Amino acid sequence: MFDRAAAWFRALQGEICSALEALDGGAKFIEDAWQRPGGGGGYSRILSGGAMFEKAGVGWSSVAGELPADYAAKLPGDGTSFRATGVSLVLHPHSPMVPTTHANFRLLQKGARMWFGGGADLTPSYLFDEDVRHFHQTLKDACDGHPGIGDYERFKTWCDEYFYIPHRGEMRGVGGIFFDYLEEPDLAQVFAFVQTAGRAFVPAYAPIALRRRDEPWGEPERHWQLLRRGRYAEFNLVYDRGTVFGLKTNGRTESILMSMPPLARWDYNAAPAPGSREAAMVAALQPGVGYCA
């Protein structure tokens, strides 16, 4: 199963990159191969300075090694030896009207235990309700195709709870789905669901990007986008499981931090004007709003 999943994640990386190059229309991904001391390696693909994407990263890895004992104790399975494989991506568009998005799909093994995790979420700077509904509906359709495994309501709630920034008291974005430790009732059935969810990412995101790429914007909107990117960076550096796992297991720093935006801002005590579009975005990020399909 591990080798099958690793090969499929590698193929998915290629499919997503091809779709994103077509969507961008102005740049191509470069591929950076790397080896991990201790076992395995991966391929990081980066697109920079495109027509649509300021920075887009799609990474694949298959690694193995030993976990620190304190971290290993927090994960299922015996011992400290692990294997992990998966694909992870983050897209940072030029336009503040095109949302940032993230997705990852992975398989981990520790001792005799093996489980899948992953998901996809949307982080707009400006709120377009129809975009959020489309993103959620596409992911819900993927979940609904796998009864007993793809529990959209559970995974949506899990996503809302996971992508929360406690020190800001707000969500990172408008959600999607998130799941982890999926191994029942049968790992092959879980893998089939993960494949459907992975293939759902492009149709969930691409129509939104196409719809918003020609929306007008100027310096005030760009300024707001950079402030929102600051929130994104805060979550990734402090709370993100993938970042923590990569750093705890001596992963490749450049690939781990591939998700970071190329530019961001931290203005002191910044707050949107009451009644503004920016204020509406912040209101949508309050806990309990809970966008869904």
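Residues numbered from 1 in each chain as written. Predicted model: local features only at pLDDT ≥ 70, side-chain atom pairs only at ≥ 80, totals over all residues. Heavy atoms only, no water.

## A short note on the sheet that holds strand E5 (residues 100-110)
Read from one edge of the open sheet, seven strands run E1-E2-E3-E4-E5-E6-E9, paired in antiparallel fashion. On the outer flanks of this sheet lie strand E1 (30-35) and strand E9 (175-182), each paired with one strand and no other. Strand-to-strand twist in this sheet, taken as the mean axis angle between neighbours without regard to direction, amounts to 10°. As defined by bridge partners, strand E2 (residues 40-48) adjoins strand E3 (residues 53-66) across nine bridges and the pair is classed as antiparallel. Counted as the bridge partner of arginine 45 is valine 58 from E3. Sheet strands in contact with helix H1 (residues 2-24) are E1, E2, E3, strand E4 (81-93), E5 and strand E6 (113-123), and its direction is about 170° off that of E3. On the sheet, helix H4 (residues 152-162) packs against E6 and E9 and is oriented at approximately 100° with respect to E9. (Pairing = 2+ DSSP bridges. Helix = DSSP H or I, 4+ residues; strand = E, 2+ residues; numbered from the N terminus. Axes fitted to C-alpha atoms, helices over the stretch in contact; angles between N-to-C directions. Contact = heavy atoms within 4.5 Å.)

## Describing the packing of aromatic side chains
Two aromatic rings, taken as a pair, are described by how far apart their centres are and by the angle between their planes. Using the criterion set out here, one finds 17 aromatic pairs in the structure. For the ring pair phenylalanine 155 and tryptophan 158, a centre distance of 6.5 Å and an interplane angle of 50° mean the geometry is tilted. Separated by three residues within a single helix, phenylalanine 155 and tryptophan 158 lie in helix H4, roughly one turn from each other. You'll find phenylalanine 155 and tryptophan 158 in the same group, each marked buried. Centroid distance phenylalanine 163 to phenylalanine 235: 5.3 Å. Interplanar angle 40°. Geometry classified as tilted. Within this pair, whereas phenylalanine 163 is found in the loop between H4 and strand E7 (164-165), its partner phenylalanine 235 is found in helix H6 (residues 219-238), the two being separated by 72 residues in sequence. Comparing phenylalanine 163 with phenylalanine 235, the two get one shared label, buried. Counting every residue linked through ring pairs, the aromatic cluster contains Phe155, Trp158, Tyr162, Phe163, Phe178, Phe179, Phe193, Phe235 and Tyr239. (Phe/Tyr/Trp six-rings, centres within 6.5 Å; stacked < 30°, edge-to-face > 60°. Buried < 20%, exposed > 50% of the residue type's maximum accessible area, 1.4 Å probe, protein only.)

## What about the state of the cysteines?
Simply put, the disulfide is a covalent bond whose two ends are the sulfur atoms of two cysteines. By the definition in use, this model includes zero disulfides. Not part of a disulfide, cysteine 143 finds its nearest cysteine sulfur in cysteine 159, a span of 11 Å. With relative accessibility at 1%, the residue cysteine 143 sits in the buried group. (Disulfide = S-S within 2.5 Å.)

## Considering the pattern of salt bridges
As enumerated under the stated definition, the model contains 22 salt bridges in all. Across the pair arginine 212 and glutamate 130 runs a salt bridge, and its minimum N-O distance is 3.0 Å. With a gap of 82 residues between them, arginine 212 in helix H5 (residues 187-212) and glutamate 130 in helix H3 (residues 129-144) connect regions that are remote in the sequence. Exposure remark for arginine 212: the relative accessible area of 5% places this residue in the buried category. Where salt bridges share partners, they join Glu130, Asp131, Arg211, Arg212 and Glu215 into one cluster. (Salt bridge = Lys/Arg side-chain N within 4 Å of Asp/Glu carboxyl O.)

## Here we look at unusual backbone geometry
Cis peptide bonds are those with omega within 30 degrees of zero, and the linkage from glutamate 184 to proline 185 qualifies with 5°. Turning to its location among the elements, proline 185 is positioned in the loop between E9 and H5. Its identity is not glycine, yet tyrosine 181 carries a phi of approximately 60°, on the positive side. Looking at where tyrosine 181 falls in the secondary structure, it is placed in strand E9. Given a relative accessible area of 32%, tyrosine 181 falls into the partly exposed group. The phi torsion at asparagine 269 lies on the positive side, around 55°, for a residue other than glycine. You can see asparagine 269 is positioned in the loop between helix H8 (253-256) and helix H9 (277-284).

## Quick notes on the packing of H3 against H4
Their axes nearest at 9 Å, the elements H3 and H4 cross at an angle of 130°. Taken together, the axes of H3 and H4 lie oblique to each other. Along its contact with H3, which presents His136, Lys140 and Cys143, the element H4 presents Tyr152, Phe155 and Lys156. Tallied by class, the residues present in the contact of H3 with H4 amount to three nonpolar, one polar and two charged. (Parallel < 35°, antiparallel > 145°, perpendicular 65-115°, else oblique. Nonpolar A, V, L, I, M, F, W, Y, C, P; charged D, E, K, R; others polar.)

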